[in-house]
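Structural features, examined
These are the residues of each chain, in order.
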Amino acid sequence: MTTTDAGATLSPAAWDDDEVQRLTAAQQAELRERYDGDLEPGAKPSAADVAVVLLARDAAGTAIGCGALRPLGDGAAEVKRMYVVPEARGRGVSRVLLAGLEAAAAERGWTTLRLETGPRQPEAIRLYEGAGYRPIPAFGAYVDDPDAGCSLYYERVLGGA
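Here, residues in each chain are numbered from 1, in the same order as that chain's written sequence. A pLDDT threshold of at least 70 governs which residues receive local features in this predicted model, and a stricter bar of 80 or more applies before side-chain atom pairs are shown or counted, although totals over entire chains, interfaces and linings include all residues. Side-chain numbers here rest on the full set of heavy atoms in the structure, without hydrogens or water.

What to know about the overall build of the protein
Filter applied, for reference: Helix and strand assignments follow DSSP, with helices taken as H or I runs no shorter than four residues and strands as E runs no shorter than two, numbered in order from the N terminus. Partly exposed describes any residue whose relative accessible area lies between the buried limit of under 20% and the exposed limit of over 50%, with all areas from a 1.4 Å probe on protein chains only and scaled to the type maximum. In this analysis, two residues are considered to be in contact whenever any of their non-hydrogen atoms come within 4.5 Å of each other. Only the protein chains shown count as cover for residues, and all accessible areas are computed by the Shrake-Rupley method using a 1.4 Å probe.
If you tally the helices and strands in the protein, you get three helices and eight strands. The proportion of buried residues among the 161 residues of the protein is 47%. Of all intrachain contacts in the protein linking residues separated by at least 6 positions in sequence, the fraction that spans at least 24 positions is 64%. Carbon and sulfur atoms form 51% of the exposed surface of the protein, whose accessible area is close to 8,000 Å².

Looking at helix H2 (residues 93-107)
The condition is simple: Multiplying 1.5 Å by the residue count of a helix minus one yields the expected span of that helix.
Counted at 1.5 Å a residue, the expected span for H2 with its 15 residues is 21 Å, and the 21 Å between its end C-alpha atoms agrees. By the burial criterion, the buried members of H2 are Val93, Val96, Leu97, Leu98, Gly100, Leu101, Glu102, Ala104 and Ala105.

Quick look at the pattern of salt bridges
Applied cut-off: The term salt bridge refers to a side-chain nitrogen of Lys or Arg lying within 4 Å of a carboxyl oxygen of Asp or Glu.
Per the counting criterion, the structure on display carries ten salt bridges. With its nearest N and O atoms 3.2 Å apart, the salt bridge here joins arginine 120 to aspartate 36. Residue arginine 120 is located in the loop between strand E6 (112-117) and helix H3 (122-130), and its partner aspartate 36 is located in the loop between helix H1 (18-34) and strand E3 (52-57); the two are separated by 84 residues in the primary sequence. Close ionic contact of glutamate 155 with arginine 114 constitutes a salt bridge, the shortest N to O distance being 2.7 Å. Taken together, the residues glutamate 155 in strand E8 (residues 152-157) and arginine 114 in strand E6 connect sequence positions 41 residues apart. Linked through salt bridges whose partners overlap, the residues forming this network are Glu30, Arg34, Arg89 and Glu123.

A closer look at the nonpolar core
Our working rule: Definition used in this section: a nonpolar core is a set of buried Ala, Val, Leu, Ile, Met, Phe, Trp, Tyr and Cys residues joined via side-chain atoms within 4.5 Å.
Ranked by size, the top nonpolar core spans 40 residues in total, and within it Leu69, Val79, Met82, Leu97, Leu113 and Tyr128 carry the most contacts. When contributions to this core are tallied by element, the ones reaching two or more residues are H1, E3, strand E4 (63-73), strand E5 (76-84), H2, E6 and H3. It is H2 that provides the largest number of residues to this core, a total of seven residues. Once you skip the residues sitting within four places of it in the chain, leucine 69 turns out to touch Val50, Ala51, Val52, Ala77, Glu78, Val79, Leu101, Ala104, Ala105, Trp110 and Leu113.

Concerning the packing of aromatic side chains
The description of two aromatic rings rests on the distance between their centres and on the angle between their planes. Defined as follows: What counts as a ring pair is set by centres within 6.5 Å for rings of Phe, Tyr and Trp (its six-membered ring), and what kind of pair is set by the plane angle: stacked under 30 degrees, edge-to-face over 60, tilted for all other angles.
On inspection of all chains with the given rule, the structure shows four aromatic pairs. Look at tyrosine 142 and tyrosine 153: their rings are 5.4 Å apart centre to centre, the planes differ by 55 degrees, and that puts the pair in the tilted class. In this pair, tyrosine 142 is assigned in the loop between strand E7 (134-136) and E8 and tyrosine 153 in strand E8, connecting sequence segments eleven residues apart. Given a relative accessible area of 7%, tyrosine 153 falls into the buried group. Each residue in the set Phe139, Tyr142 and Tyr153 is aromatic and connected to the rest through ring pairs, giving one cluster.

The structure is reproduced here in C-alpha cells:
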C-alpha cells in the first residue's frame, strides 16, 4: 500500500473484487454515454487475463479510482480500465494510478505499456500524452476490430521519454 501526494492510497486488488467491479462498471457507463452506445473495441478484460489491478482510496478509505494491466507478451502490457470517480477528479489521482501501474509493470519486467482510448476523452489523452505516451497504430485485438476504427492508441517505453 502506498500513500500519494494526491491524498490517495494505492493498493493491489483482484479483478473480481466488488469495488473494482463497481468502478469499472461506472467507467463503462460513462463511456457508453460519451460514445452513444456500447461499442467497446478489443477484447474485454477478465480475471483470467488481467495481471495487475490497483485501487486508489481517499483518506476515508473509499475506493475512488482503479486501473489494471493485461500482459500482451514480449515485455509489453496494456493499460485497462483507468478510472477516477467524478468527485475525485482534478486532484492528480489518475497520474498517481498511472505511475503505480508503470511501477508494477517495471517490477514484472515489462518494458512497454500500450493503451487504447477515444477521441471523446480529452482528459485521458492529456494524461497519457503528458506522461510520455506516444501515438502508435492499432495493436493486438484492435487491429481487426471494426469497432476500433475511431480509437486512439498510445505506447510508452518505461524508463524512456
